[in-house]
Amino acid sequence: MTKPKISSDWMAGCSGCHMSLLDIDERLLEIAELADIRATPITDLKEPDESGVDVGILEGGVNNSSNEEVAHRMRARSKILVAFGDCAVFGGVPALRNMCGTQEALQRAYVDIESNEANSKIPSDPELATMSNVRALHEVVDVDLHVPGCPPDPDVIYYVLKELAEGRMPEMKDENLHWH
Amino acid sequence: MINLTINGKQIEVEEGTTVLNAARQNDIKIPTLCDHPNLTPYGGCRLCVVEVKGMRVPIASCTLPASNGMVIETETDSLKKSRSTILSLLFSERNHFCPFCQVSGGDCELQNSAYDEHMTHWPMQPQWTNFPVDTSHTRFILDNNRCILCRRCIRACAEMSGNFTLGVEERGSATIVVADSNVPLGESTCVSCGSCVQVCPTGALIDRSSAYLGHDKQMTVTRSVCRGCSLGCGIMVHTRDNRIVKITGDYENRNAGTLCETGRYKTLDEKRVRLTTPMKRVAGQLTATTWEDALTTLAQNLTPNKNKVAALASTRLTVESMAAFKSLFADGLGNDVVTSIEEGRPTALQAKYAEANGEAIEGKLDTLRTSDCVLLIGADLSETHEVASFYIKRNMPKGTRLIVVDPSENGMDDLANLNLKPKAGTDEAVFAALEAAIIKEGLARTEAKSSKTALKNALKICELAEEDVIDVAHMLAEAVAPVIVYGKGISAFGNDAVMDAMVRVAKLTGASDSERRGLLSVKGEANSLAAAQLKMDVPFDVKNRKVAYLAVGDDYISKRLLKSLEDVPYLVVQASYESELTDRADLVLPVNIWAEEAGHALNTEGRVQFAEAALTAPEGVRSNLGLLNEVAKLLNVKLNDDWRSALTARTSVVEIEM
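Anyway, here's the lowdown on the structure attached to this text. (Residues numbered from 1 in each chain as written. Chains lettered and ligands numbered in written order. Predicted model: local features only at pLDDT ≥ 70, side-chain atom pairs only at ≥ 80, totals over all residues. Heavy atoms only, no water.)

## Here's the deal with the nonpolar core
Residues and elements named next belong to chain B.
- Phe-325, Phe-329 and Tyr-549 are the most contacted members of the largest nonpolar core, which totals 95 residues.
- Looking at this core element by element, the count peaks at 9 residues for helix α13 (residues 427–440).
- Non-local contacts of Phe-329, meaning those with residues more than four positions away in its chain, are made with Leu-302, Val-309, Ala-311, Gly-334, Asn-335, Val-338, Tyr-549 and Leu-628.
- Ranked by size, the runner-up nonpolar core spans 43 residues in total, among them Ile-86, Cys-98, Ala-114 and Ile-148. (Core = buried A, V, L, I, M, F, W, Y, C linked by side-chain atoms within 4.5 Å. Buried < 20%, exposed > 50% of the residue type's maximum accessible area, 1.4 Å probe, protein only. Helix = DSSP H or I, 4+ residues; strand = E, 2+ residues; numbered from the N terminus. Contact = heavy atoms within 4.5 Å.)

Rendered as structure tokens:
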């Protein structure tokens, strides 16, 4: 049997979920034995190739056109897509800006904030991604598995990865279900 | 009894039980958010929907009375789907992002409900509307973004504290919880009892003092009794790392979870400096010493010599400690001035009356819950015994009438149907006028006679208007269950006649007849009644005494009391905190605070309750009872440890329930 291929990427998050993934410590070796870990933000290869992977894992919400690309690419190239952590599942902390709107958030961050220099401007380089409301992953693409947590607990991550690596769908309930 | 079937199980419940409660009584769990066992069902969240055979759609079980032959299902696939949708709608209405909420991770009923339904995400995303956050209150914060509009807080405000401060504004999903007519909570009519915070199922109402200090599962919860006043409300003391994090009302106790600001929050404000070593005065200076030396010094100063010592104990001490104190200083060492910090002011009159007549004259606090007319005299309950004021206030919308008799301003004046402002110190005349008015108007329920001039004479003394007194006479005598609540303000200390006059009015109006005892006194601090029963109710007269021994525990003492101690040659203070009193002492003995020792309390209605110790005392500090026992042993005094008999040796003003 060939090992299932796993890939991950991050979007509008703090990378804390990936830190929590590394926190599974020596169990990472066990997962590496069971699965073929492909492109991730912490490996050399940054995005899964067109041949696709069995499991694609995405951290972070979708807050601009660049994230949208990442989300659609990962969806297209994964058999199972996992929304990893509260930002991917709900929108999370970045989504708080939806309460005031993107424009007001940008104005505050780039212009009004006390530490900014005078005449600061909101960046408008055409190469920059276009910003949008922060959305949960499932609002943009279909999601097969939600793993909430801010970040998800390493034990939960280990459970999820092990189940996926061994070809089972993890059951997100009881001790494995935490939103905080 | 009613028979019904829930999930195939035959059950029997009393008539009038809701389907939700029927299920609860039979360990069938139906999820709910707006329902609270101590509040009137509301049917707001719809999470408790069930299927009833023969009914077209699912129905909220919290407001559905069980009826004979009902067949109920609570766990069908269709219901589970409904519940998920209901939860999803609740989450979509506001900002329910859990990671930065204080109650997330165990204390949030909304989150727990989602976990129970195995909800991993929100099928419907939030609508991103900002709702107001009210941080104007000193005790708690109201964040409408976390609110699910269950209205538990509003019901608690009305049904528990009778304060009716909280309500809603706007309609539909724009509805927000507001205080009064939408004024900041901190400037509203809120009395800071915190019942709203205790019942809130989400993080919409959170305490400033306990927020982010841990979840309930990380705390030790100890069942105790509030020492704030004599009502003896049941409290749950939540501690973590030997510190009190918060205090909540005990739903199982007779106060049914209701507390006032004093009970819930004031203990957490404690800023006094703790005493941890014994100290004695050496060459004019208070100097730290060992317990051995302190006790030897104490023994030398107390050596048996009749009436050498004037002794005073706080009524916040446990009944056990107070009984030991009395036994040591009065029976053991032969002193006649052994009293409490209240010196009998709130209890001596009625204790004397009960003893002279050989019977209990007062009723239980429960009579307030069903009374349709309350006469309040000599007490500002909103200041001193606030939960009792809640018992009255919450009945007022049902038509309960309140008459406040107080020469000065009273916190309940605004609520009263009638305010009587007699001349200060004329309460006997007030009752005499009432008595005469009742007889004159032909309202007396028992046979009575009065002279033609009685009313006029009494009115002249108390300076009240005749029509007011006649109005009160009608209100009281025509009520089904009138109650007279009195406090230590009634007339001058030691005036026995006022008791006779009051009891006569109570009998004439039916407040007290052979079946009812609608006479209540609120007395003073926690163990006020115990002090009366132990006859520790005499003035603290230190004249010609060589030693004054004050076991004040964690109590405060008045300037008046402090002043009276100026000429005492030797002052011993058994206390928990530094104070002007300990500064003046010749010997200071550090002891536990209330939460550090287990023991009993006797509340104003004669209920004996046990309070567990919630905290471990700092090293070097003795328990109040332990210390008294040690002193007794040093002085070869045998203490009577049968406090139960000691409490009932004297006829009590109210029946004592052991």
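Having put the structure on the table, let's press on.
## Thoughts on the packing of helix α7 (residues 291–302) of chain B against helix α20 (residues 624–634) of chain B
Residue and element names in this part refer to chain B.
- Between α7 and α20, whose axes approach to 10 Å, the crossing angle comes to 60°. Put simply, α7 runs oblique to α20. When the axes of α7 and α20 are compared, the crossing they make is right-handed. In contact with Trp-291, Leu-295, Leu-298, Ala-299 and Leu-302 of α7, α20 contributes Leu-627, Glu-630, Val-631 and Leu-634. (Axes fitted to C-alpha atoms, helices over the stretch in contact; angles between N-to-C directions. Parallel < 35°, antiparallel > 145°, perpendicular 65-115°, else oblique. Left-handed = near helix turned anticlockwise from the far one by under 90°.)

## Quick look at the pattern of salt bridges
Residue and element names in this part refer to chain B.
- One pass over the full model with this rule turns up 46 salt bridges over all chains.
- Note that Arg-152 is salt-bridged to Glu-109, the shortest N-O span being 2.8 Å. One end of the pair, Arg-152, is in helix α4 (residues 152–159); the other, Glu-109, is in helix α3 (residues 109–116), and 43 residues separate them in sequence.
- Under the relative-accessibility criterion, Arg-152 is labelled buried at 2%.
- Notably, a salt bridge pairs Asp-586 with Arg-281, separated by 3.7 Å at the nearest N-O pair. Here Asp-586, found in the loop between α19 (580–584) and β25 (587–590), pairs with Arg-281, found in strand β14 (residues 279–282); they are 305 residues apart in sequence, far enough to count as distant. (Salt bridge = Lys/Arg side-chain N within 4 Å of Asp/Glu carboxyl O.)

## Focus on the sheet that holds strand β5 (residues 78–84) of chain A
All names here are of chain A.
- On the basis of which strands lie adjacent, the open sheet formed by 5 strands has the order β2-β1-β3-β5-β7 and parallel pairing. Two strands lie at the open edges of the sheet, namely β2 (36–37) and β7 (145–147), each paired on one side alone.
- The strands touched by helix α3 (residues 65–77) within the sheet are β1 (5–10), β3 (53–59) and β5, with β5 carrying the most contacts at an inclination of about 140°. (Pairing = 2+ DSSP bridges.)

## Comments concerning the side chain of A:Asn67
Residues and elements named next belong to chain A.
- With respect to the secondary-structure elements, Asn-67 resides in helix α3.
- Engagement of the side chain of Asn-67 in a polar contact is seen with the backbone nitrogen of Asn-63, the distance being 3.0 Å.
- Not counting the four nearest positions on each side in its chain, Asn-67 is found in contact with Met-11, Ala-12, Gly-61 and Val-62. (Polar contact = N/O pair within 3.5 Å; in protein donor to acceptor, adjacent residues only side chain to side chain.)

## Points about the pairing of strand β1 (residues 2–6) of chain B
Residue and element names in this part refer to chain B.
- With 4 of 5 residues buried, β1 lies mostly within the body of the structure.
- Here β1 runs beside strand β2 (residues 9–13); their pairing, made up of 5 bridges, is antiparallel. Its bridge partner lying in β2, Leu-4 is registered against Ile-11.
- Once β1 ends, the chain turns through 2 residues before running back antiparallel as β2, passing Asn-7 with a positive phi of about 50°.
- Of the pairings in the sheet, the one linking β1 to strand β5 (residues 71–73) comprises 2 bridges and is parallel in character. Bridge pairing links Thr-5 to Val-71 in β5.

## A few points about the packing of aromatic side chains
- Taken as a whole, this structure holds 13 aromatic pairs over all chains when the rule is applied.
- The interplanar angle of 55° and the centroid separation of 4.9 Å between the aromatic rings of A:Phe90 and A:Trp179 together place this pair among those described as tilted. Of this pair, A:Phe90 sits in helix α4 (residues 86–90) while A:Trp179 sits in the segment after α6 (154–165), and the two are 89 residues apart along the sequence.
- Pairing B:Phe97 with B:Phe100 gives two aromatic rings, centres 6.4 Å apart and planes at 25°, and the pair type is stacked.
- Assessed through its relative accessible area of 28%, B:Phe100 is described here as partly exposed.
- Among the aromatic side chains, those forming a connected cluster through ring pairs are A:Phe90, A:Trp179, B:Phe91, B:Phe97, B:Phe100, B:Tyr115, B:Trp122 and B:Trp128.
- In this structure, B:Arg94 packs its charged tip against the face of B:Phe131, placed 3.7 Å from the ring centre.
- One Lys or Arg, B:Arg272, reaches over the ring of B:Tyr556 and ends 3.7 Å from the middle of that ring. (Phe/Tyr/Trp six-rings, centres within 6.5 Å; stacked < 30°, edge-to-face > 60°. Lys NZ or Arg CZ within 6 Å of the ring centre and 35° of its normal.)

## Focus on the sheet that holds strand β4 (residues 59–60) of chain B
Residue and element names in this part refer to chain B.
- One open sheet holds the 5 strands; their spatial order is β2-β1-β5-β3-β4, and the pairing between them is mixed. At either margin of the open sheet sits one strand with a lone partner, and together these are β2 and β4.
- In this structure, strand β3 (residues 49–52) lies alongside β4, joined through 2 bridges in antiparallel fashion. By the bridge assignment, Val-49 is partnered in β4 with Ala-60.

## Some points on the interface of chain A and chain B
- Each side of the interface is counted separately: chain A has 25 residues, and chain B has 21 residues.
- Interface of chain A and chain B: buried area, both sides summed, is about 2,000 Å²; carbon and sulfur atoms make up 70% of it.
- Considering only the side of chain A, the residues that lose the most area to chain B are A:Phe90, A:Met99 and A:Trp179, jointly responsible for 39% of the buried surface there.
- Linking chain A with chain B are 0 salt bridges.
- The tally of links from chain A across to chain B stands at 6 residue pairs in polar contact (both at pLDDT 80 or more). (Buried area = accessible area lost by both parts, 1.4 Å probe.)

## Some points on a negative patch on the surface
- A grouping of A:Asp23, A:Asp25, A:Glu26, A:Glu30 and A:Glu33 is seen on the molecular surface, where their side chains present a negatively charged patch.
- Residue A:Glu26 is classed as exposed on the basis of its relative accessible area, which comes to 58%. (Patch = residues over 30% accessible without salt bridge, like charges linked within 9 Å, V, L, I, M, F, W, Y side chains within 5 Å. Areas by Shrake-Rupley, 256 points an atom, 1.4 Å probe, with all protein chains shown as cover. Lys, Arg positive; Asp, Glu negative; His and termini not counted. Charge placed at Lys NZ, Arg CZ, Asp CG, Glu CD.)

## Brief notes about helix α8 (residues 319–332) of chain B
Residues and elements named next belong to chain B.
- In terms of burial, α8 is a largely internal element, 12 of the 14 residues being buried.
- Among all positions in α8, only Val-319, Glu-320, Ser-321, Met-322, Ala-323, Ala-324, Phe-325, Lys-326, Ser-327, Leu-328, Phe-329 and Ala-330 are buried.
- At the C-terminal side of α8, Gly-334 shows a positive phi close to 70°.

## Comments concerning the pairing of β5(A)
All names here are of chain A.
- The buried count for β5 comes to 5 of 7 residues, which makes it a mostly enclosed element.
- Note: β3 against β5, 6 bridges, orientation parallel. Across the sheet, Ile-57 pairs through a bridge with Val-82, a residue of β5.
- Relative to β7, β5 runs parallel, the two being bridged by 3 bridges. Its bridge partner being in β7, Val-82 is matched across the sheet by Leu-145.

## Notes on the side chain of A:Ser7
All names here are of chain A.
- Topologically, Ser-7 is positioned in strand β1.
- We classify Ser-7 as buried; its relative accessible area is 0%.
- Once residues lying within four places of it in the same chain are set aside, the contact partners of Ser-7 are Arg-38, Ala-39, Pro-48, Val-53, Val-55, Gly-56, Ile-57 and Met-74.

Shape is all these values report; function is a separate question.
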